[in-house]
Amino acid sequence: MLPYIAEFLGTMMLIILGDGVVANVTLNKSGMKGAGSIQITLAWGLAVMVPAFIFGAASGASFNPALTIALAVDGSFDWAMVPGYIIAQFAGAFVGAVIVYLMFKDQFDATDDPGTKLGVFSTGPSVPNMPRNIFCEAVATFVLVFAIKGMAQVGGLNGAQGNFLVFGIITSIGMSLGGLTGYALNPARDIGPRIAHAVLPIKGKGSSNWGYAPVPVVGPIIGGIVAVLLYQAIPW
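The structure contained in this document is the topic of the report that follows. (Residues numbered from 1 in each chain as written. Predicted model: local features only at pLDDT ≥ 70, side-chain atom pairs only at ≥ 80, totals over all residues. Heavy atoms only, no water.)

**Quick notes on the environment of Gly34**
Inference 1: Within the element layout of this structure, Gly34 appears in the loop between helix H1 (2-26) and helix H2 (37-59).
Inference 2: What makes Gly34 exposed here is its relative accessible area of 61%.
Inference 3: For the pair Gly34 and Asn24, spaced 10 residues apart in the sequence, the C-alpha separation amounts to 8.8 Å. (Helix = DSSP H or I, 4+ residues; strand = E, 2+ residues; numbered from the N terminus. Buried < 20%, exposed > 50% of the residue type's maximum accessible area, 1.4 Å probe, protein only.)

Put into structure tokens, the structure is as follows:
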């Protein structure tokens, strides 16, 4: 039971910190409005790192269905635990997004643009083109998962050092590729908050853009699986 609780709480914390920084930087009447993409990118890396320190020993700190599935494909994670992990991740992401809304409700009410409000919760493309958007998410997630697997090549690496490296990986991906699709990298990170956006009574929220929803699901899963298969094929 502990691993599932850890995945739920870790993903919830990830979304509180990750969606929280977007709200903090983009919504009207926030004290940090306008801080920009650098703060968002660094904070998303930290949003992954902080719960990883707390819950890494309990669950492996996946917090990401694409990573969980990829690790099961290469045999380093038990397939029997995959459904429970994915449910916990989506549930944690949903609850985290609800908490962000409750904290920033006044700022949501003061913001008129529906796209800005949706952007707090979920990702979207700078140029809508579903095949290319899926490809971009697949490549970005490939880099994430391949780099995580590649940490095994670093001699003497302990868990704390590994968590700092994951922060660096997430930040690097965001700064290099984030402007294309918002670098979801993680189906739960996008769909859980998108569901929250759809059901919460957000003033003037507009569409939840479900037509884009396949991108942050299909792309990361493809990218993660390709990453572990290629990693296994290399004669290290």
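Moving on from the coordinates now.
**Re the pattern of salt bridges**
Inference 1: Scanning all chains against the criterion turns up four salt bridges.
Inference 2: Between Arg194 and Asp190 there is a salt bridge, with the nearest N and O atoms lying 2.9 Å from each other. In this pair, Arg194 and Asp190 both sit in helix H9 (residues 187-199), four residues apart, roughly one turn of the helix. Taken individually, Arg194 and Asp190 each receive the classification buried, so the pair is uniform in this respect. (Salt bridge = Lys/Arg side-chain N within 4 Å of Asp/Glu carboxyl O.)

**As for the packing of aromatic side chains**
Inference 1: Applying the stated criterion across every chain yields a total of eight aromatic pairs.
Inference 2: Geometrically, the ring pair formed by Tyr4 and Tyr85 is edge-to-face, given 5.6 Å between the ring centres and 80° between the ring planes. Of this pair, Tyr4 sits in helix H1 while Tyr85 sits in helix H4 (residues 82-103), and the two are 81 residues apart along the sequence.
Inference 3: On the basis of relative accessibility, which here comes to 3%, the residue Tyr85 falls in the buried class.
Inference 4: Taken together, a centroid distance of 5.4 Å and an interplanar angle of 20° make the contact between Phe142 and Phe146 stacked. Placement of both Phe142 and Phe146 in helix H7 (residues 130-150) is noted, with a separation of four residues, approximately one turn of the helix.
Inference 5: One aromatic cluster is present, formed by Phe142, Phe146, Tyr231 and Trp236 through successive ring pairs. (Phe/Tyr/Trp six-rings, centres within 6.5 Å; stacked < 30°, edge-to-face > 60°.)

**Re H2**
Inference 1: Taking 1.5 Å per residue, 23 residues should reach 33 Å; H2 reaches 31 Å between its end C-alpha atoms and fits that length.
Inference 2: By the largest-angle criterion, Phe53 marks the main kink of H2, which is about 55°.
Inference 3: Within H2, the full set of buried residues consists of Ile40, Thr41, Ala43, Trp44, Gly45, Ala47, Val48, Met49, Pro51, Ala52, Phe55 and Ser59.
Inference 4: After H2 finishes, the residue Gly60 shows a positive phi value of roughly 90°. (Expected span 1.5 Å × (residues − 1). Bend = angle between axes of the 7 residues up to and from the residue.)

**Let's talk about the side chain of Thr181**
Inference 1: Considering the arrangement of structural elements, one finds Thr181 in helix H8 (residues 159-181).
Inference 2: Within the structure, the side chain of Thr181 is placed 2.6 Å from the side chain of Glu137, a separation counted as a polar contact.
Inference 3: Those residues in contact with Thr181 that lie beyond four places of it in its chain are Thr123, Gly124, Pro125, Asn133, Cys136, Glu137 and Tyr212. (Polar contact = N/O pair within 3.5 Å; in protein donor to acceptor, adjacent residues only side chain to side chain. Contact = heavy atoms within 4.5 Å.)

**Some remarks on the nonpolar core**
Inference 1: Trp44, Phe108, Val120 and Phe121 are the most contacted members of the largest nonpolar core, which has 39 residues in total.
Inference 2: Elements represented by at least two residues in this core include exactly H1, H2, H4, helix H6 (114-121), H7, H8 and H9.
Inference 3: Other than its neighbours up to four places away in sequence, Phe108 contacts Leu27, Val100, Tyr101, Lys117, Val120, Phe121 and Ile202.
Inference 4: The next biggest cluster of nonpolar side chains, apart from the first, holds 12 residues, and it includes Ala70, Leu71, Ala72 and Val145. (Core = buried A, V, L, I, M, F, W, Y, C linked by side-chain atoms within 4.5 Å.)

**Looking at a nonpolar patch on the surface**
Inference 1: Taken together, the side chains of Leu17, Leu46, Val50, Phe53, Ile54 and Phe164 present a nonpolar region at the surface, about 500 Å² in accessible area.
Inference 2: Counting through the fold element by element, Leu46 comes out in helix H2. (Patch = residues over 30% accessible without salt bridge, like charges linked within 9 Å, V, L, I, M, F, W, Y side chains within 5 Å. Areas by Shrake-Rupley, 256 points an atom, 1.4 Å probe, with all protein chains shown as cover.)

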